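Close look at the chain arrangement
The lines below spell out each chain.
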Amino acid sequence: MILASLAAACGTAAQTQARGPERALVGATWSGGEERGIAGYENYGGSFVRAPVAIGVHRSLSNPRDWIFVSKIEIGRAGDHALWRGVDTVRASGRTAESYVAYECKRASRGLKDSTPEPGVIALVGAEYAVDNGDFGLLRAEAAWDVSADGGLTAIREPVVCADEGYGV
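Predicted, not measured: the structure shown is a model, and the values here were computed from it. (Residues numbered from 1 in each chain as written. Predicted model: local features only at pLDDT ≥ 70, side-chain atom pairs only at ≥ 80, totals over all residues. Heavy atoms only, no water.)

**Remarks on the overall build of the protein chain**
Put simply, the test is: The numbering of helices and of strands both runs from the N terminus, where a helix is a DSSP run of H or I of at least 4 residues and a strand a run of E of at least 2. Areas reported as accessible are Shrake-Rupley estimates using a 1.4 Å probe. Residue values count occlusion only from the protein chains shown.
Scanning the protein chain for helices and strands turns up 1 helix and 12 strands. Looking at the protein chain as shown, the accessible area adds up to about 8000 Å², and 51% of this sits on carbon and sulfur atoms.

Put into structure tokens, the structure is as follows:
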């Protein structure tokens with residue numbers, strides 16, 4: 001019953017392979033000291049998902065519901081900075097402007113009794129809980145991706161839940 005209600009609520013946010021100017025980042029290389037911007041989007045930083053793969057997150061300046069995710073792989077070092085190569089990009093629209101990115105996520109089929117994350121699963125979440133028992137909370141994902149070891153981004157079409165980290169980008 002819980003998984004059925006999750007299925008109804010998850011994955012309804014629009015998500016597509018990116019086709020705009022961010023595609024220029026795929027195959028490009030840059031230093032972590034360089035700003036890699038996308039016209040019309042604010043760079044919200046990012047995080048390692050599974051070493052050496054990280055995700056860069058960009059939020060639209062004109063519509064805060066819209067996000068672009070860029071996967072990148074660390075290919076070396078230049079002094080204090082990583083050298084990156086862009087691998088893949090996707091776009092997603094959250095349900096509200098308050099949606100944010102979560103990194104501590106897992107497929108709901110892996111259980112709802114704890115918040116142990118599944119390696120490589122990231123999501124766009126809002127404020128809707130799948131589980132909130134006081135000890136921990138699991139938020140329903142609005143859109144989710146599996147980040148492969150080589151940086152590919154694959155949409156997850158089954159219910160995903162994320163730890164309520166109390167913050168996000």
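**Examining the side chain of S93**
Short version of the rule: Two N or O atoms count as a polar contact when they lie within 3.5 Å, although within protein this holds only if one can serve as hydrogen donor and the other as acceptor, and sequence-adjacent residues are included solely when both atoms are side-chain atoms.
Note that S93 resides in strand 6 (residues 81-93). At a separation of 2.5 Å, a polar atom in the side chain of S93 contacts the side chain of D66.

**Looking at the nonpolar core**
Generally speaking, a soluble globular protein has its nonpolar side chains buried in company with each other. Threshold: To qualify as a nonpolar core, a set must consist of buried Ala, Val, Leu, Ile, Met, Phe, Trp, Tyr and Cys residues joined through side-chain atoms within 4.5 Å. Buried residues are those whose accessible area, probed at 1.4 Å on protein chains only, stays under 20% of the maximum for their type, while exposed residues exceed 50% and partly exposed ones sit between those limits. It only takes one pair of heavy atoms within 4.5 Å for two residues to be counted as in contact.
Counting residues in each nonpolar core, the largest one holds 18 residues, and the members touching the most others are I55, F69, I122 and W145. Elements represented by at least two residues in this core include exactly strand 4 (53-60), strand 5 (66-78), strand 6, strand 9 (121-132) and strand 10 (137-147). If sequence neighbours within four positions are ignored, F69 has contacts with I55, G56, V57, D88, T89, V90, A92, V101, I122, L124, W145 and L153. Counting residues in hydrophobic clusters, the runner-up holds 12 residues, among them V121, A123, A144 and V160.

**Observations regarding the pattern of salt bridges**
Selection criterion: Salt bridges are defined as contacts in which a side-chain nitrogen from Lys or Arg sits within 4 Å of a carboxyl oxygen from Asp or Glu.
Scanning the model with the defined rule gives 10 salt bridges in all. R95 serves as the salt-bridge partner of E128, at 3.4 Å between the closest nitrogen and oxygen. You can see E128 sitting in strand 9 and its partner R95 sitting in the loop between strand 6 and strand 7 (100-102), a full 33 residues away along the chain. By relative accessible area, E128 is classed as partly exposed at 35%.

**Quick word on the confidence of the model for the protein chain**
Counted only if it meets this: Per-residue confidence from the prediction method is given by pLDDT, with values spanning 0 to 100.
Averaged over all residues, the pLDDT of the protein chain equals 85, while 85% of them reach at least 70. Confidence drops under pLDDT 50 across residues 1-12; counting only partners more than four residues distant or on other chains, this segment forms 25 contacts.

**A word on the state of the cysteines**
Selection criterion: Throughout, a disulfide means two cysteine sulfur atoms within 2.5 Å of one another.
Within the structure shown, the criterion is met by 1 disulfide. For C105, the disulfide goes to C162, at an S-S distance of 2.2 Å. Its S-S torsion of about 105° marks the bond between C105 and C162 as right-handed, since a negative value means left-handed. Pair noted here: C105 is in strand 8 (residues 105-107) and C162 is in strand 12 (residues 160-163), with a separation of 57 residues, a long-range link. The buried category is assigned to C105, whose relative accessible area is 0%.

**Description of the packing of aromatic side chains**
The condition that has to hold: Pairing of aromatic side chains requires ring centres within 6.5 Å, counting the rings of Phe and Tyr and the six-membered ring of Trp. Pairs whose planes differ by under 30 degrees are stacked, by over 60 edge-to-face, and all others tilted. Only when the NZ of Lys or the CZ of Arg is both within 6 Å of the ring centre and within 35 degrees of the ring normal is a charge said to sit over the ring.
Going through the model one piece at a time under the given rule, you end up with 3 aromatic pairs. An angle of 45° between the planes, with centres 5.7 Å apart, marks the rings of F48 and W84 as tilted. Pair noted here: F48 is in strand 3 (residues 41-50) and W84 is in strand 6, with a separation of 36 residues, a long-range link. Taking the relative accessible area as the measure of exposure, W84 reaches 8% and is therefore buried. Ring centres 4.7 Å apart and planes at 45° place the aromatic pair F69 and W145 in the tilted group. Of this pair, F69 sits in strand 5 while W145 sits in strand 10; the two residues are 76 residues apart in sequence, bridging distant segments of the chain. In terms of burial, F69 and W145 fall into one category: buried. Its guanidinium or amino end placed over the ring of W84, K72 lies 4.7 Å from that ring's centre, counting from NZ or CZ.

**Overview of the environment of N43**
Take N43: it is sitting in strand 3. For the pair N43 and S60, spaced 17 residues apart in the sequence, the C-alpha separation amounts to 9.1 Å. At 2.7 Å, the side chain of N43 and the backbone nitrogen of G45 are in polar contact.

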